[in-house]
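Chains, contacts and geometry: an overview
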Amino acid sequence: MSNEIERFLERQDEAVSALFLENKGEELTDILVAALEEAFEILLEAAPAETIH
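I will try to describe carefully the structure that is included in this document. Note on numbering: residues in each chain are counted from 1, in written sequence order. A pLDDT threshold of at least 70 governs which residues receive local features in this predicted model, and a stricter bar of 80 or more applies before side-chain atom pairs are shown or counted, although totals over entire chains, interfaces and linings include all residues. Note that the side-chain values use all heavy atoms of the structure and ignore hydrogens as well as water.

1. What to know about the overall build of the protein chain
Going along the chain from the N terminus, every DSSP run of H or I of four or more residues is numbered as a helix, and every run of E of two or more is numbered as a strand. Helix and strand content of the protein chain: two helices and zero strands. In this treatment the radius of gyration is a C-alpha quantity, and the globule benchmark scales as 2.2 Å times the residue count to the 0.38 power. For the protein chain, the C-alpha radius of gyration of 16 Å lies well beyond 10 Å, the compact-globule estimate for 53 residues. Dimensions of the protein chain, computed from the C-alpha atoms along their principal axes, are close to 50 × 30 × 15 Å. For the protein chain, the residues scored as buried account for 4% of the 53 residues in total. Each accessible area is a Shrake-Rupley estimate made with a 1.4 Å probe; only the visible protein chains count as cover when residues are assessed. Roughly 5,100 Å² of accessible area belongs to the protein chain as shown, and the carbon and sulfur atoms make up 60% of that amount. We call a residue buried when its accessible area falls under 20% of the maximum for its residue type, exposed when it is over 50%, and partly exposed in between, using a 1.4 Å probe and counting protein chains only.

2. What about the pattern of salt bridges?
Whenever Lys or Arg places a side-chain nitrogen within 4 Å of a carboxyl oxygen from Asp or Glu, that contact is recorded as a salt bridge. Within this structure, the stated rule accounts for two salt bridges. Between Glu 10 and Arg 7 there is a salt bridge, with the nearest N and O atoms lying 3.1 Å from each other. Here Glu 10 pairs with Arg 7, and both are found in helix 1 (residues 3-21), just three residues apart, close to one helical turn. Notably, a salt bridge pairs Arg 7 with Glu 14, separated by 3.6 Å at the nearest N-O pair. Residue Glu 14 is classed as partly exposed on the basis of its relative accessible area, which comes to 47%. Members of the salt-bridge network, linked through shared partners, are Arg 7, Glu 10 and Glu 14.

3. Quick look at helix 1
An expected span of 1.5 Å times one less than the residue number is assigned to each helix. Taking 1.5 Å per residue as the helical rise, helix 1 with its 19 residues ought to reach 27 Å, and the 27 Å between its terminal C-alpha atoms agrees with that figure. Phi turns positive one or two residues past the end of helix 1, at Asn 23, with a value near 60 degrees.

What follows is the structure in structure tokens.
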């Protein structure tokens, strides 16, 4: 993994930790939901248009 990616992940971890410490669960939930929605969009784009039986 490149240093840039590692640093990005470290900053994300720090941000999540700060939200936990500040008891901001609602903001954290919003971030997690947005990340899941983005992941599902990526999966849908990668999925074949029709299923093969």
